[in-house]
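# Remarks on the overall topology
One-letter residues, chain by chain:
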Amino acid sequence: MRSVVFSQHGPASRVVALEDRPRPRPGAGEVLVRVRARPVNPSDELFIEGRYGRRPTLPAVPGFEGVGTVEETTTGRLDVGQRVALSSRGTWQEYVAVPDTDVIPVPDGLADPVACQLTINPLTALLLTRQLALRGGDWLLITAAGSALSRMILHLAHRDHVRCVCVVRSGGHDDLVRAGAAAVVDTTTDDLVGRVRDLTDGQGVHAVLDAVGGEPGSTALRCLRDGGRAVALGMFDGGMITVDPRALLFGDVTVRGFWLPHQLSLQTAEVRAELTERALDLLGTADFAAPVAATYDLADVITALDHVHRPGRRGKVILTG
């Protein structure tokens, strides 16, 4: 079978290669899934670079989610030929053998490029908005607002009448306003702190969700009001976030991180099942799932990874085959 493999850490497009590997066999309690589509997520690139929360044993296959069909089963819970989404390591290959509990049946009406996005971004968006528990009229600042995850958060927050400041680093994001953003701030031309001060009558935002880090993330934290909360959930910039100690001491500002595997481990099985059902419902609605920027066969993985970093990209890059 075809597998995307990396044997050293580094920039993804420079260290991955397509190899032929033996097709796995499912063990007790496992199913064999023929993977048809998988998104390229930021976590995949962090994993390849060696900067993710889980370190691989090299050589390794990237990918944490996908969609496909059951080819073999040892459990009887699922039928051969059944279409499933899966949450598992190593989805950037044609077949994976995974525990029966790691696959989720998906409805026929959910196309592969959408269904393959089920197990990471929608669950992250749902958990984050629930944990923040912002009320109608509150202000939320979202960095990297053009990303698939940020757009899902905007969708959920707007439905709860939370006012969102969407932060981008390029122009041409009128679609964010149409999706419900109260304001879009392009930090290449605008003063973020000043704009937020004007929007919030000098008070600042109630919460910040930052997927960038570095100086952009540090600037976003300066937009918090007294008692505000910030959540770091990504490292697009790769640099350190700095916080003014006075904001922590005298402004009662709090800053914490969010990593989906850890957060899911804190939930009961019932809550995880409910989150998955909710995510399936949302993916079936208009404007929630990320649009598809392009699809590439596994053989074209280098081109796909280059496309991920193409300026102005809108939507997910999907690996098929």
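As a reminder, the structure under discussion sits directly above these lines.
Notes on the structure follow.

## Remarks on the packing of aromatic side chains
Within the structure shown, the criterion is met by five aromatic pairs. Residues Phe47 and Tyr52 carry aromatic rings whose centres are separated by 6.4 Å and whose planes lie at 85° to one another, so their mutual orientation is edge-to-face. Residues Phe47 and Tyr52 agree in their burial class; the two are buried. On the numbers, 5.1 Å between centres and 35° between planes, the contact of Tyr52 with Phe64 is tilted.

## A closer look at the environment of Pro11
As for its placement among the helices and strands, Pro11 is situated in the loop between β1 (2–6) and α1 (12–15). For the pair Pro11 and Val301, spaced 290 residues apart in sequence, the C-alpha separation works out to 13 Å.

## Topic: unusual backbone geometry
A cis amide bond, omega -5°, links Leu58 with the succeeding residue Pro59. Note on placement: Pro59 falls in the loop between α2 (42–49) and β4 (65–73). The residue Ala133 is not glycine, and still its phi comes out positive at about 50°. A positive phi is found at Ala144, a non-glycine position, where the angle reads about 45°. With respect to the helices and strands, Ala144 occurs in the loop between β8 (139–142) and α5 (148–159).

## With respect to the side chain of Glu45
Along the chain, Glu45 falls in helix α2. Summary of buried charges: Glu45 has no salt-bridge partner, and the nearest side chain of opposite charge, Arg313, is 6.9 Å away. Here His309 takes part through its side chain, which lies 2.8 Å from a polar atom of the side chain of Glu45. For Glu45, the contacting residues outside a window of four places in its chain are Ala12, Leu305, Val308 and His309.

What counts, and at which threshold
- Residues numbered from 1 in each chain as written.
- Predicted model: local features only at pLDDT ≥ 70, side-chain atom pairs only at ≥ 80, totals over all residues.
- Heavy atoms only, no water.
- Phe/Tyr/Trp six-rings, centres within 6.5 Å; stacked < 30°, edge-to-face > 60°.
- Buried < 20%, exposed > 50% of the residue type's maximum accessible area, 1.4 Å probe, protein only.
- Helix = DSSP H or I, 4+ residues; strand = E, 2+ residues; numbered from the N terminus.
- Lys, Arg positive; Asp, Glu negative; His and termini not counted.
- Salt bridge = Lys/Arg side-chain N within 4 Å of Asp/Glu carboxyl O.
- Polar contact = N/O pair within 3.5 Å; in protein donor to acceptor, adjacent residues only side chain to side chain.
- Contact = heavy atoms within 4.5 Å.

All quantities given are derived from atomic positions and should not be read as evidence of function.
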